[in-house]
Amino acid sequence: MIELLVRLFVKNHKNTADSAVRTAYGNLACVVSVVCNLLLFLGKTAVGTLAGSVSITADGLNNLSDASSNIVSLVGFKLGARPADSGHPYGHARYEYLSGLAVSVMILVIGVELFKESFFKILHPTPVQFGWLTAAVLLGSILVKLWMSRFNRVIGVRIQSETLLAVSVDARNDVITTTSVLVAAVLVHFTGFDRLDGIMGIGVAGFILYSGVQLVRSTINPLLGAAPDPDLVERIEHKAMTYPGVLGVHDLMIHDYGPGNRLVSFHIEMDAKSDVMQSHNVIDTIEKDLLIQDGMVATIHYDPVVTGDSHVDEIRTFLQQQIGQLDPAANVHDLRIVPGPSHTNVIFDCAVPAEYLTDKQRRGAKLVNALRTAVQQKWPDHFCVIKLEPDYAPCTHTQS
């Protein structure tokens, strides 16, 4: 069913890198979700009113709120698809993150309202009527929500949309909610314990609130500049290392301006003896391939590295061994040796996790001092000039 809908309503559905195709996927997911949630709202509120069940009625209102969330998501896709302009040269794709955050907040509001209604029902229980119509509507709702959860997750993963993944989680929550409501209705019918309807509602509200908090965290992270996905970092680094003459990659930074709109910058190390024009051509090729094949605008800095010098190689190996023993989370790069009449400067950068520069333990400064001491103990006339910097996206294939 999912693939059938995709083929019917999304042109060139395989080309998910195209912004128009991506928007079409988002529109399809949102429209389907709105229709399903409105039908579920009508069915549940009718049954809940007839049965006198606050949990069934609340579950129906939950579906109405879901439909509103889907409309917010639809608006997010529409606004996010707007092209870049002079006021927003990086595009408008972050609207999608904002719509995902709005959906998450709505989930929290639903949880709070359901908690209040359920608590009131515990204090003032009323009889709950149960029949085959109630069971049929709730079972049908569970099946529809199971499909909606999978539908939104499949499309969300395909187009890398946090908004649709949030909608998928919300649909999964609805499955748990409606199942709990059904169980409560059956138990109340056979036990006559009317307060159970409210107690079950409290439990469902707690689950919804927990899920909403988790979703808020996941949708707000890109807006706050969260660290990039390690798999993406590894993929970029591995790709760069496959080109001829590339010895190492460091200072990788990824700027996320919304789904499908990432800017990346990093330094590439190449043999200083290589032809400069040839090295420049390789870098141009990497930038072009990242844009065409991965949809990322790349800016690459060229770092010439001295190779074949026995003393430089010895110091490089020594520093790599020391950093591995002192703190594997750090790395050294941009090594230069500058001899002088009285001493030799060993100049390099030391990249560490960002918190090392601000924590009270002064881990960054201590690491720099330890490296400086280790070098001077081995070469007394060598003095380290070390630039301590945050590692925005840790790389694994580096050359100092």
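Preceding this paragraph is the structure being described.
Predicted model, so just to flag it, every value in this text is computed and none were measured.

S.K.: Explain the overall build of the chain here, please?
M.R.: Along the backbone of the chain there are eleven helices and six strands. Rg of the C-alpha trace for the chain: 29 Å, well past the compact-globule value of 21 Å for 400 residues, more than 25% over. Taking the principal axes of its C-alpha atoms as reference, the chain extends roughly 95 × 50 × 35 Å. Contacts in the chain between residues at least 24 apart in sequence constitute 68% of all its contacts with a sequence separation of at least 6. Approximately 20000 Å² of the chain is accessible, and the part contributed by carbon and sulfur atoms is 62%. Each charge class in the chain can be summarised by its mean position, and for the 31 positive and 38 negative side chains these summaries are 7 Å apart.

S.K.: Just checking my understanding: could you explain the packing of aromatic side chains for this structure?
M.R.: The description of two aromatic rings rests on the distance between their centres and on the angle between their planes. Taken as a whole and assessed by the stated rule, the structure comprises three aromatic pairs. Here Tyr90 and Tyr257 contribute two aromatic rings whose centre-to-centre distance is 4.2 Å and whose plane-to-plane angle is 10°, an arrangement assigned as stacked. One end of the pair, Tyr90, is in the loop between helix 3 (54-80) and helix 4 (95-123); the other, Tyr257, is in the loop between strand 1 (246-256) and strand 2 (262-271), with 167 residues separating them in the sequence. Of the residues examined, Tyr90 reaches a relative accessible area of 41% and is grouped as partly exposed. Arranged with centres 4.9 Å apart and planes meeting at 10°, the rings of Trp147 and Phe151 form a pair that is stacked. With Trp147 and Phe151 both in helix 5 (residues 132-159) and four residues apart, this pair spans about one turn of that helix. Trp147 sits in the partly exposed class, given a relative accessible area of 26%. Since its relative accessible area comes to 0%, Phe151 is described here as buried. Over the ring of Trp379 we find Lys378, and its NZ or CZ is 5.4 Å from the ring centre.

S.K.: Is there a simple way to think about the packing of helix 8 (residues 230-241) against helix 9 (residues 276-294) in this case?
M.R.: Axis angle and axis distance: for two packed helices, these are the angle between their axes and the distance between the axes, and together they describe the pair. Closest axis-to-axis distance for the helix 8/helix 9 pair is 11 Å, and the angle between their directions is 135°. What the angle tells us is that helix 8 and helix 9 run oblique. Regarding helix 8 and helix 9, the two cross each other, and that crossing is right-handed. Facing Arg235, Lys239 and Ala240 of helix 8, the residues of helix 9 in contact are Ile286, Asp289, Leu290, Gln293 and Asp294.

The rules we used
Residues numbered from 1 in each chain as written. Predicted model: local features only at pLDDT ≥ 70, side-chain atom pairs only at ≥ 80, totals over all residues. Heavy atoms only, no water. Helix = DSSP H or I, 4+ residues; strand = E, 2+ residues; numbered from the N terminus. Rg over C-alpha atoms; globule rule 2.2 N^0.38 Å. Contact = heavy atoms within 4.5 Å. Areas by Shrake-Rupley, 256 points an atom, 1.4 Å probe, with all protein chains shown as cover. Lys, Arg positive; Asp, Glu negative; His and termini not counted. Charge placed at Lys NZ, Arg CZ, Asp CG, Glu CD. Phe/Tyr/Trp six-rings, centres within 6.5 Å; stacked < 30°, edge-to-face > 60°. Buried < 20%, exposed > 50% of the residue type's maximum accessible area, 1.4 Å probe, protein only. Lys NZ or Arg CZ within 6 Å of the ring centre and 35° of its normal. Axes fitted to C-alpha atoms, helices over the stretch in contact; angles between N-to-C directions. Parallel < 35°, antiparallel > 145°, perpendicular 65-115°, else oblique. Left-handed = near helix turned anticlockwise from the far one by under 90°.

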